[in-house]
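Reading the structure
Next come the chains, spelled out residue by residue.
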Amino acid sequence: MKRVVFGHSWLPYAFLLPQMAIIVVFFYWPAAEAVRSSFYLEDPFGFGSTFVGLENYTTALTGNEYQRVARFTAWFTVIVTFLSLALALLLAVKADHVLRGASTYKTLLMWVYAVAPPVAGILGILFFDQHIGPLVDLAAFFGWDMKVGVNYNDTAIAMITVSVWKQVPVNFIFFLSGLQSIPRSVREAALIDCQSATRRFFTVTFPLLAPTGFFLLIINITYALFDTFGVVDIMTKNEPANNPVTLVYKVYLDGFRGNDLGGSSAQSVILMVLVLALTVFQFRLIERRVHYT
Amino acid sequence: MAPVNISRVSKDYASGARAVSDVSLDIADGEFIVLVGPSGCGKSTLLRMVAGLETITEGTVAIGDRIVNDVDPANRDIAMVFQNYALYPHMTVKRNMAYGLTNRKMAKSEIDRRVAEASAILRLDDYLDRKPRQLSGGQRQRVAMGRAIVREPACFLFDEPLSNLDAKLRVDMRGEIKQLQRRLGTTSIYVTHDQMEAMTLADRLVVLNLGRIEQVGTPLDVFRNPASLFVASFIGSPEMNLFDAEGDGNGALRVGAMTIAHGHDRPVSGKVKIGIRPHHLMPAENGSAHGELAVTHVEELGTERLIHGTLEGQRCTLAVAAGYPAAERMGVSLNSAELHLFDGSTGRRL
Amino acid sequence: MTVAETRSDIVAAAPAVRHQRRISWGAVGDHAILIIGSLIMIVPVVLAFLTSTHDVVTIHREGLQFLPGGEFAKTYGNVLFRSGGFTGEVNGVTMTVNSLILGIGFAVGKIVVSMMAAYAIVYFRFPFGTFAFWMIFTTLLLPLEVRILPSYEIVQSLGLTNTYTGLIVPLIASATGTFFFRQFFKSVPDELVEAARIDGAGPVKFFIDILLPLSQTMIAAMFIIMFVYGWNQYLWPTLITTDEGYFTLVRGIKQILQVWIGSNIPEYGEAMALAILAMLPPVVIVVVFQSWFVKGLTESDK
């Protein structure tokens, strides 16, 4: 680290001030608030709040509803992450491999990144619509009477489909970039050393993609847990009652619709801990990450 | 171990550029062939066509008695050493070397034996469990060679393997490669842009320019009898002196005001170019001198001295012994036995 | 004198063998997969667009349309210009304007704030410097959704609901931009700073005259990514703007949901039209500036 630096005066502080001010007011303060209010129960008449210790946490964690939502969130995350990564990897490998039209495919496959989750959600509603949705018709063709918005599992499948559709482009971009950063000569050496393309992929390409893969894993889990809020909100059409929702959505529901500030905060904190664990895990991994070049 | 036959091979790129033009070359079993030429001359492209890393637009390549145009690189029985080593970063040295053999379903005992043998020859025994990033450039290059050796292929292909090493290491490795090849007796095709490397390594040299072969021959042959202006100026360091001259058709050549007799068996007239190496110019007294050199600067090499200047207005370099005094103007004479004559327009040897 | 030993000198009796390129079935399979993938990405949007150009009754009767209909002008005209909502003031155009304000405001704000912070962190050594770095770093750990409720309350208590400030500024509170620029600044050669010093440039001058121009491509990449991110914001605008005059296009999607709930024949056409409008600018930008965008994404990897 032979970094050349300027001596300090008031200047660095001035430069740092806007960012620090914003994150103190809009990050640390809310975060602290969330933690604080998770230990209180708000009086329904608005007269104040009582300290209840960990009661909000236990209520949340032992609640049937919470557990149901947690279970769905877990499944949802696993399936969306796996499908988004696998499909994107397949497409990236093919796009990397193909000689002609590579840049056209790249454009066609990556643009969906720019579509907002709720917009994807509303497209999903169209495609899964009871009357005119082609995917519903397709399912009916196989004897499956899809009732998205009414049937729990059908809605779940619709949400998963839309979420995966939206996420594949991001993974595609990163995988493709990762593939193209594998030195050409290493790949040529593999061409000479190994006749089977499949074997080449699993013994040389895949291991060298591992850093990108791990990074994407975390990104995808975060996406499935949080960024799918828009998808869930739109596709449940404001009727969360019997529909699958994710944990983060429940935080919103309980906090803004149910006015359960304490409970919602407790749930937030639980999620915070989860994310913390994930990120720590990711950075540990990156530290131990092999630097290949 | 097998001969390699390249027959009328050309390579066109989709953009229309022609990288290699109608090249034919017969390489004998066990021969060390060096492809040499400036950047962009097509030498690497040619090598890669033999390897199967580039498609062949026209012509055929045969390894042994098999035409391999449509054969995958992994099935051509070749091994390649890349310029930037191309070691698998996530595998240990040992696994890097064993990888190609493992894929060919070789018995483990045989793999171990070969790896141990190569490792001994290349002095890699202490590094077998390390990853490439823990090795120096020279060590990595040896691992790359080890990977090629264990394959015991019909042909070795080297793509400028020493270019990324520092000067001293390059000289050391050069010798190692030469000895290795002698010992193993495997047919080898070696690409380099460094004419010195080419001269010291090759059994036969192939000089390429703009996708075509300029000359094929033993190093000494190419050095002594360059077939064209290009070869003459490319091979040999310091570079050969080239003068514009005019033949009078009577056995004499005129360079400016200077007249030289040439030993050519046929009369020479019209515009020609004369080539003569700096070591074949001698300082001379006014009486026996052919002309006068106006000295511009002197390069001290330790073993000898290079005196640069102009002779009859054209650039000229003269090599003299280390202590030889240089004056502002010096008489020089040319050893006419060592004159090379080239056609003024085609550049080909007369 | 040696005769060149190449056969290229010899006049050929037979023409050189022309190497035929066979069709590789592997390549056909590759293209098939890619084409299917591309279709899956495109077809939904194209169909939605085509459907939006038909009138509602047709859609309800026949389902999704594969050909353009005649209602393009009417439907899109309605979405863009017909005022709706409770106040009768909001229409597609106002929503577009708000989306633009959000997107551009957010992108510019983020870039300015994070460039300055990154500059301070990378090029200065000062007390609390490391502390500041870790404070900023920690913000990567918690996405907005997790602290949504208190964030809302705080913004409300500051009186910033239904304002552009309240809409944009809280979104800037995360470290992504700062880390991006930090990484970039670290890759700038030290020699430049030293040369600038010798030339008499102090820190501010160095920043403005040398670092900023060097960062142009990075800034462009960041702008594109942040603009798209800002434009596509959903949860935060939903909470913060209850006043329809501040609705963004993406926020408007939630309103359009009403057409599905409780209608006999939902206004499919207009819903789709709004969706198309909401996705159009970001998609166009991402496609047109594709290389910058990809570069920005993959370089903020970490």
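That block above? That's the structure.
Throughout what follows, the structure given in this document is the object of discussion. (Residues numbered from 1 in each chain as written. Chains lettered and ligands numbered in written order. Predicted model: local features only at pLDDT ≥ 70, side-chain atom pairs only at ≥ 80, totals over all residues. Heavy atoms only, no water.)

Bringing the sheet that holds strand 6 (residues 78-81) of chain B into the picture now. All names here are of chain B. Taken in spatial order, the 6 strands of this open sheet run 6-7-8-3-9-10, and their pairing is mixed. The open sheet is flanked by strand 6 and strand 10 (212-217), the only strands paired with a single partner. Averaged over neighbouring strand pairs, the angle between their axes works out to 20° when direction is ignored. Of the pairings in the sheet, the one linking strand 6 to strand 7 (residues 155-159) comprises 4 bridges and is parallel in character. Bridge pairing links Ile78 to Cys155 in strand 7. Across the face of the sheet, helix 4 (residues 137-149) comes into contact with strand 6 and strand 7 while running at roughly 175° to strand 6. (Pairing = 2+ DSSP bridges. Helix = DSSP H or I, 4+ residues; strand = E, 2+ residues; numbered from the N terminus. Axes fitted to C-alpha atoms, helices over the stretch in contact; angles between N-to-C directions. Contact = heavy atoms within 4.5 Å.)

Moving on: unusual backbone geometry. Residue and element names in this part refer to chain B. In this model, Ser237 is joined to Pro238 through a cis peptide bond whose omega is 0°. Secondary-structure assignment places Pro238 in the loop between helix 8 (229-234) and strand 11 (241-248). Unlike most non-glycine residues, Ala86 shows phi in positive territory, near 55°. Residue position: Ala86 is located in the loop between strand 6 and helix 2 (93-103). Phi is positive for Arg123, close to 60°, though the residue is something other than glycine. Turning to its location among the elements, Arg123 is positioned in the loop between helix 3 (108-121) and helix 4. The exposure class assigned to Arg123 is partly exposed, which follows from its relative accessible area of 47%. (Buried < 20%, exposed > 50% of the residue type's maximum accessible area, 1.4 Å probe, protein only.)

Moving on, we get to the interface of chain A and chain C. How large an interface is tends to be reported as the accessible area lost when its parts come together. Chain A puts 91 residues into the contact, and the matching count from chain C is 103 residues. Both faces combined, the contact of chain A with chain C buries some 9,400 Å², and carbon together with sulfur accounts for 78% of it. Applying the counting rule to chain A against chain C returns 2 salt bridges. Residue Asp30 of chain C is joined to Lys94 of chain A by a salt bridge in which the shortest nitrogen-to-oxygen separation is 2.9 Å. The interface formed by chain A and chain C contains 13 residue pairs in polar contact (both at pLDDT 80 or more). Considering each element in turn, the side of chain A that touches chain C owes the most residues, 21 residues, to helix 1 (residues 11-37) of chain A. For the side of chain A that touches chain C, the per-class residue count stands at 66 nonpolar, 13 polar and 12 charged. (Buried area = accessible area lost by both parts, 1.4 Å probe. Salt bridge = Lys/Arg side-chain N within 4 Å of Asp/Glu carboxyl O. Polar contact = N/O pair within 3.5 Å; in protein donor to acceptor, adjacent residues only side chain to side chain. Nonpolar A, V, L, I, M, F, W, Y, C, P; charged D, E, K, R; others polar.)

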